[in-house]
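Given next are the chains, with one letter for each unit.
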Amino acid sequence: MTHTSVDEALDTADLADILKALPHRYPMLLVDRIVNIDGLDSAVGIKNVTYNEPHFMGHFPGNPIMPGVLIIEGLAQTAGAIGIKSLGMDKPALVYFMSIDKAKFRKPVVPGDVLEYHVRLIKRRGSICRYECIAKVAGDTVAEAELTAMLSPNDAKRGGGL
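Every chain begins its residue count from 1, and numbering advances along the sequence as written. Only residues with pLDDT of at least 70 are given local features in this predicted model, and only at 80 or more are side-chain atom pairs given and counted; all residues enter the totals for whole chains, interfaces and linings. Each side-chain value is worked out from all heavy atoms of the structure, with water and hydrogens disregarded.

**Here's the deal with the UniProt feature "active site" (unreviewed entry) in the protein**
Our working definition: UniProt positions are given in the numbering used here, feature names are shortened, and annotations may be inferred rather than shown by experiment. The numbering of helices and of strands both runs from the N terminus, where a helix is a DSSP run of H or I of at least 4 residues and a strand a run of E of at least 2. The cut-offs for exposure are 20% and 50% of the maximum accessible area for each residue type, with area from a 1.4 Å probe on protein chains only; residues under the lower value are buried, those over the upper are exposed, and the others partly exposed. In this analysis, two residues are considered to be in contact whenever any of their non-hydrogen atoms come within 4.5 Å of each other.
If you check UniProt for "active site" (unreviewed entry), the listed places come out as His-59 in our numbering. Note on placement: His-59 falls in the loop between strand 3 (42-48) and helix 2 (68-86). Owing to a relative accessible area of 25%, His-59 belongs among the partly exposed residues under this scheme. Apart from the residues lying within four places of it in its own chain, the contact partners of His-59 are Pro-64, Ile-65, Met-66 and Pro-67.

Given below as structure tokens:
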């Protein structure tokens, strides 16, 4: 892994940049912005959780809680976006899940929360990357997992993805 010196600025990705990297669109795009991007090594994705998201209508009506599987998906999208961004591509590419390990859910995520997806590269072999992922709200860990995925920029024309 490479490390950024104090003098180097970390990169960011706004929604337009994310849309260039990932094939996901609403309602499956679960990252609004990515900050503190250190190449392929690490980043923090930001998701503003709002009540009008479609999953809240049926997931515990009257007590809206973001489904854990969508938190994992948001972590994966953050990791996938920085992986694709590191390839310097200007069109969406696919990233395929290979494994989800050590997943734990600690606290519920509810409308009004600002969900942070902290991802850090553990290992890369060719197009396969493994990330340590921690989801936080207001500094508290709400979920965590280790995700392995394969970057597949040649499959971008087929659709699909994380």
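**Observations regarding the pairing of strand 2 (residues 33-38)**
The line we're drawing: Here, strands pair whenever DSSP counts at least two bridges between them.
In the sheet, strand 1 (residues 11-13) pairs with strand 2 via two bridges, with the strands oriented antiparallel. Pairing of Ala-13 across the sheet is with Ile-34, part of strand 2. Where strand 2 and strand 3 come together, four bridges link them in antiparallel fashion. When the bridges of strand 3 are listed, Ile-34 appears paired with Gly-45. Adjacent in sequence and paired antiparallel, strand 2 and strand 3 are bridged by three residues, among which Gly-39 carries a positive phi angle near 55 degrees.

**Observations regarding the sheet that holds strand 2**
For clarity, the cut-off: Lines fitted to C-alpha atoms define the axes here, with helix axes fitted over just the stretch in contact, and angles between the N-to-C directions of these axes take values from 0 to 180 degrees.
Strand order in the open sheet made by the seven strands is 1-2-3-5-6-7-4, with antiparallel pairing throughout. Every other strand in the sheet has two partners, leaving strand 1 and strand 4 (94-105) as the edge strands with one partner each. Going across the sheet, the axis of each strand differs from the next one's by a mean of 20 degrees, ignoring polarity. Relative to strand 6 (residues 128-137), strand 5 (residues 114-125) is paired through ten bridges, and the arrangement is antiparallel. Bridge pairing in strand 6 links Tyr-117 to Ala-135. Of the strands in this sheet, strand 1, strand 2, strand 3, strand 4, strand 5, strand 6 and strand 7 (140-152) touch helix 2, which is tilted by about 55 degrees from strand 5.

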